[in-house]
Amino acid sequence: FDIGMEWPVAVLAVWSVTSALSLCSPNYYVLDDGAGLGRVFDGVGGLSGGGATSRLLVNYEEPYRGQILDYLFKPNFGASLHILKVEIGGDAQTTDGTEPSHMHYENDENYFRGYEWWLMKEAKKRNPNITLIGLPWAFPGWVGHGKNWPYDFPDITAAYVVNWILGAKQYHDLDIQYVGIWNERNYDSKYIKMLRYTLDKNDLEGVRIIASDNLWEPIALSLLLDPELSTAVDVIGAHYPGTTTVPDALKTQKALWSSEDYSTFNDEVGGGCWARILNQNYINGLMTATISWNLVASYYDKLPFGRDGLMTAEEPWSGNYVVESPIWITAHTTQFTQPGWTYLQTVGHLAQGGSYVSLTDGKGNLTVVIETMTHNHSVCVRPPLPKFNVTSQNATFQLKGSFVSIKELHVWRSQFNFKTKKPVFFEKQTPLTVMNGSFTLNLAEDEVYTLTTITTGQKGSYPDPPPSACFPKVYKDDFNVRNPPFSEAPDFADQTGVFEYYNNLTDPGPHTFTLRQVLTERPITWATDADQTISVIGDYEWENLTVTCDVFMESVRTGGVFIAARVDKGGQSIRSTNGIFFWVFADGTYKVTNDLAGQAVLAEGQSGTRAYGWHTLSLTVTGPLASGMLNGYPLWKNAVVLNPKNGWAAIGTHSFELAQFDNFAIVAQ
């Protein structure tokens, strides 16, 4: 019985009935609720955040933005997700960018920053029953009182998180059902207890805690040893568990979730990864929810983990998006089950490889999902996948218990067809007649089937979106938006720091509306970020271009800002990025460097720039030569730049400091 991996000991007992039948007749499987049921199903979800992964989605124009949202959330249409998990923005780099906090500073609260509020509301419009989860990946610097650690003052951190939950309800009428606890050191029991206390004190007894939203251990053992901690925690969440759990987690009797999973390029192999783990997370590890990082690949492709979403929407300037295979693989489960359904005990692996799960609503409905993904066509980015074999096979299923009277099952099939490279996803088949409670399927390699009594499934569709197109070669933004729908300017992707629309009410002149970098101290983050703040924009393939921007420094003597071209790295690699960086400083100097860190100096000298005055910077790069202008006059020219050959445009500051930008423009060749 080649299952390709070890089963947890406690899980083996759950399928003892199925295993015994399989030993007698390896192609015969019973679907029965007569001996009781398995665990309650909590749903399938997507994760927006952990690095600004929905950044470009908000810049799509209608109708394309609404279409993308329908493919993700609309019931009986596309992925029909049951769960949306979002980042509680912490002003910090957390993989592909930064998301703004609701509290940049201790005495500052604003519940309209960022786009997660909007995304949750759009999800709720389409599915009022969707489960909402918030998780902080990082925190503003003030939370740590000078340390890069948020849990030395658990009351402060708990209040910060609870304020976000209260703000979601007060300002957006959003009920957050779960909040997660995660950091690279796993968890802090004092903080978990304080969070539970603070939630209850604010009449949020219904908000449940996922801990540690990271690893099975040591939290599982701690829950067994600490009754107070066990009372505070509702769900143990693991990231990328490889479909398995640990004995202590099972002993806690807590709900077990794969609270972050997949993280794989969304081609057909990525779809195969998703198909395999959606079934086997429960079969091997009794995990009742699986959440994909990320929800939608809506960030610049050359950032880390490009196209690791359930679908791709990375071109708001063209309107193009791509409905990738994981959307339809998700539909095989989500369109025919709901949270609150229950797994049968009769689930497991197929004799010649692959797996099947079966669920019921307890009212006579049955859904069976079968996958036969082969090893090389279902590899996830992590963890490593042990070898296993899958071959074509016939599988006979016998319905027993309350399902014995079922006469017909609706059938939906996906065929990856790796040999012909002509996949067919989520195709409705002729209903299957059940004879004497039995039916047989001929299962080929790399297929997914749903067999169900549910009749409402649908493969939703829209007319093809506009064709893919490169970022415009001529681009301008004066940031003159009186009431912006989002705090971020279109297409700017903050990598370190937070750049927000700013309405300077004291300046009725030409720079009333600007883009402002608002952080004055480094946030608390596990990721590698930079000492400088930077926001990238444009086409990574750009080589020759001119970048122009008005800049305004707000730090006397110590202030500094830059514009840049050919920026070659982002995300967690931002600290080591190279490019051409044109800096001016409040002490009256300038510098041109080949790196963001400012160490590889190409030119430097006097500029006469000062804080609290507007200056216009212009950077032109052509082949190996770069030149710069200040306020319309040449300041330096013909700096030799051999590498990098291409990259994004960017703006930023010398440190975490207040500074403003206006009249940004690009002309690329």
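Note that the coordinates shown come from a computational prediction; the quantities given were computed from them, not determined experimentally. (Residues numbered from 1 in each chain as written. Predicted model: local features only at pLDDT ≥ 70, side-chain atom pairs only at ≥ 80, totals over all residues. Heavy atoms only, no water.)

Colleague: What exactly am I supposed to notice about the overall build of the protein chain here?
Modeller: When its secondary structure is counted, the protein chain shows eleven helices and 37 strands. Here the protein chain has a C-alpha radius of gyration of 27 Å; the compact-globule value for 669 residues is 26 Å, and the two agree. With respect to the principal axes defined by its C-alpha atoms, the protein chain has extents near 90 × 55 × 40 Å. Of all 669 residues assigned to the protein chain, the portion counted as buried reaches 64%. For the protein chain, the share of sequence-separated contacts (at least 6 apart) that also reach a separation of at least 24 residues comes to 72%. (Helix = DSSP H or I, 4+ residues; strand = E, 2+ residues; numbered from the N terminus. Rg over C-alpha atoms; globule rule 2.2 N^0.38 Å. Buried < 20%, exposed > 50% of the residue type's maximum accessible area, 1.4 Å probe, protein only. Contact = heavy atoms within 4.5 Å.)

Colleague: What's the story with the state of the cysteines in this structure? I'm lost.
Modeller: In protein chemistry, a disulfide is the covalent bond that joins the sulfur atoms of two cysteines. Taken as a whole and judged by the stated rule, the model has one disulfide. Disulfide partner of Cys273: Cys380, at an S-S distance of 2.0 Å. When the S-S torsion is 100 degrees, as for the bridge of Cys273 with Cys380, the disulfide is right-handed. Taken together, the residues Cys273 in helix α10 (residues 268-285) and Cys380 in the loop between β16 (366-371) and β17 (393-399) connect sequence positions 107 residues apart. For Cys273, a relative accessible area of 0% translates into the label buried. (Disulfide = S-S within 2.5 Å.)

Colleague: Would you take a moment to explain the sheet that holds strand β32 (residues 601-606) for this structure?
Modeller: In a beta sheet, neighbouring strands are held together by backbone hydrogen bonds and run either parallel or antiparallel to one another. With antiparallel pairing, the seven strands of this open sheet are ordered in space as β24-β27-β36-β29-β30-β31-β32. Pairing within the sheet leaves two strands with one partner each, and these edge strands are β24 (493-496) and β32. The sheet shows a mean angle of 20 degrees between the axes of neighbouring strands, taken without regard to direction. Of the strand pairs in this sheet, strand β29 (residues 560-567) and strand β30 (residues 578-585) are connected by six bridges, and their pairing is antiparallel. Bridge pairing in β30 places Ala565 opposite Ile580. (Pairing = 2+ DSSP bridges. Axes fitted to C-alpha atoms, helices over the stretch in contact; angles between N-to-C directions.)

Colleague: Is there a simple way to explain helix α11 (residues 325-334) in this structure?
Modeller: Every α-helical turn comprises 3.6 residues, leaving residues that sit three or four positions apart pointing alike. Extensive coverage of α11 is indicated by the burial of ten of its ten residues. Restricting attention to buried positions, one finds in α11 the residues Ser325, Pro326, Ile327, Trp328, Ile329, Thr330, Ala331, His332, Thr333 and Thr334.

Colleague: I'm lost on the nonpolar core in this one. Help?
Modeller: One recurring pattern in soluble globular proteins: nonpolar side chains tend to sit buried together. Core analysis: the largest hydrophobic core is formed by 101 residues, its most contacted members being Phe73, Leu84 and Leu195. When residues in this core are grouped by element, the largest group, eight residues, is from helix α5 (residues 154-172). When near neighbours in sequence (up to four residues on either side) are disregarded, Leu84 contacts Gly46, Ser48, Phe73, Leu119, Met120, Ala123, Ile130, Thr131, Leu132, Ile133 and Leu295. Counting residues in hydrophobic clusters, the runner-up holds 61 residues, among them Ala297, Cys549, Val561 and Ala659. (Core = buried A, V, L, I, M, F, W, Y, C linked by side-chain atoms within 4.5 Å.)

Colleague: Looking at this structure, I do not really get unusual backbone geometry. What am I missing?
Modeller: For residues besides glycine, phi is generally negative; the peptide bonds are generally trans as well. With an omega of 10 degrees, the peptide bond between Glu217 and Pro218 qualifies as cis. Mapping Pro218 onto the fold places it in the loop between β7 (208-210) and α7 (219-225). Cis geometry is found at the peptide bond from Arg382 to Pro383, where omega equals -10 degrees. Topologically, Pro383 is positioned in the loop between β16 and β17. Despite not being glycine, Phe305 shows a phi value in the positive range, around 60 degrees. Within the secondary structure, Phe305 sits in the loop between β10 (289-293) and β11 (312-315). For Phe305, a relative accessible area of 30% puts it in the partly exposed group.

Colleague: I would appreciate a short explanation of the pairing of strand β33 (residues 614-622) in the present structure.
Modeller: Regular strands have side chains that alternate between both faces of the sheet. Alignment of strand β28 (residues 545-553) against β33, held across eight bridges, turns out to be antiparallel. Residue pairing in the sheet places Thr546 in a bridge with Thr620 of β33. Counted between consecutive antiparallel strands, the loop separating β33 from strand β34 (residues 625-630) contains two residues, among which Gly623 sits at a positive phi close to 60 degrees.

Colleague: Please clarify how the packing of aromatic side chains should be interpreted in this entry.
Modeller: Geometry of an aromatic ring pair is reported as the spacing of the ring centres plus the angle between the planes. Evaluated as defined, the whole model comprises 46 aromatic pairs. Both rings, one in Trp142 and one in Tyr160, keep their centres 6.0 Å apart while their planes meet at 75 degrees; by these two values the pair is edge-to-face. Pair noted here: Trp142 is in the loop between β5 (131-135) and α5 and Tyr160 is in helix α5, with a separation of 18 residues, a long-range link. With a centroid separation of 5.9 Å and 15 degrees between ring planes, the pair formed by Trp328 and Phe426 is classed as stacked. A residue pair is termed long-range when its members are at least 10 positions apart, and Trp328 in helix α11 and Phe426 in strand β19 (residues 424-428) qualify at 98 residues. Take Trp328: its relative accessible area is 6%, and that puts it in the buried class. Among the aromatic residues, ring-to-ring pairing joins Tyr71, Phe77, Tyr321, Trp328, Phe336, Trp412, Phe426 and Tyr462 into one connected group. (Phe/Tyr/Trp six-rings, centres within 6.5 Å; stacked < 30°, edge-to-face > 60°.)

Colleague: I keep staring at helix α3 (residues 64-73) and nothing clicks. Help me out?
Modeller: With nine of ten residues buried, α3 is to be regarded as a mostly interior element. Within the span of α3, buried status applies to Arg65, Gly66, Gln67, Ile68, Leu69, Asp70, Tyr71, Leu72 and Phe73. Elements that come into contact with the buried residues of α3 comprise β4 (83-87), α4 (116-126), β11, β12 (320-322) and α11.

Colleague: Explanation requested: the sheet that holds β17 in the structure shown.
Modeller: Spatial ordering of the open sheet is given by β1-β17-β21, a layout of three strands whose pairing is mixed. Looking at the sheet topology across the chains shown, the edges are occupied by β1 (28-31) and β21 (438-443). The average angle at which neighbouring strand axes cross in this sheet is 25 degrees, direction not considered. Relative to β17, β1 runs parallel, the two being bridged by four bridges.

Colleague: Looking at this structure, I do not really get the pattern of salt bridges. What am I missing?
Modeller: Here the idea is simple: oppositely charged side chains can pair when their charged atoms come close. Per the stated rule, a full pass over the model turns up 20 salt bridges. Here Glu62 makes a salt bridge to Arg65, at a shortest N to O gap of 3.6 Å. The salt bridge involving Arg126 is made with Glu122; its shortest N-O contact spans 2.8 Å. Note that Arg126 and Glu122 are positioned in helix α4 at a spacing of four residues, about one turn of the helix. Like Arg126, the residue Glu122 is buried in the burial classification. (Salt bridge = Lys/Arg side-chain N within 4 Å of Asp/Glu carboxyl O.)

Colleague: What's the story with the UniProt feature "active site" (unreviewed entry) in the protein chain in this structure? I'm lost.
Modeller: Mapped onto this numbering, the UniProt entry annotates "active site" (unreviewed entry) at Glu184 and Glu260. Structurally, the position occupied by Glu260 is in strand β9 (residues 255-262). Take Glu260: its relative accessible area is 7%, and that puts it in the buried class. Ignoring anything within four residues of it in the chain, the contact list for Glu260 reads Leu47, Trp137, Ala238, His239, Tyr240, Ile291 and Trp293. Separated by 2.6 Å, the side chains of Glu260 and Tyr240 make a polar contact. (UniProt positions renumbered as here; feature names shortened; annotations may be inferred. Polar contact = N/O pair within 3.5 Å; in protein donor to acceptor, adjacent residues only side chain to side chain.)

Colleague: What's the story with the domain arrangement of the protein chain in this structure? I'm lost.
Modeller: When the parts of a complex come together, some accessible area is lost, and that lost area is often used as the size of the interface. When its domains are assigned, the protein chain resolves into domain 1 (41-329) and domain 2 (474-668). Taking only C-alpha atoms into account, the centre of domain 1 sits 31 Å from that of domain 2. Residue-level contacts link 42 residues of domain 1 with 36 residues of domain 2. Counting the surface lost from both domain 1 and domain 2, the interface buries some 2900 Å², and carbon and sulfur atoms represent 57% of this. Among the residues of domain 1 in contact with domain 2, Arg55, Gln93 and Tyr300 are the three that bury the most area, contributing 23% of the side total. Counting every contact that joins domain 1 to domain 2 gives one salt bridge. Close ionic contact of Glu500 with Arg113 constitutes a salt bridge, the shortest N to O distance being 3.5 Å. One can count 18 residue pairs in polar contact (both at pLDDT 80 or more) joining domain 1 with domain 2. (Domains from an automatic or database assignment. Buried area = accessible area lost by both parts, 1.4 Å probe.)

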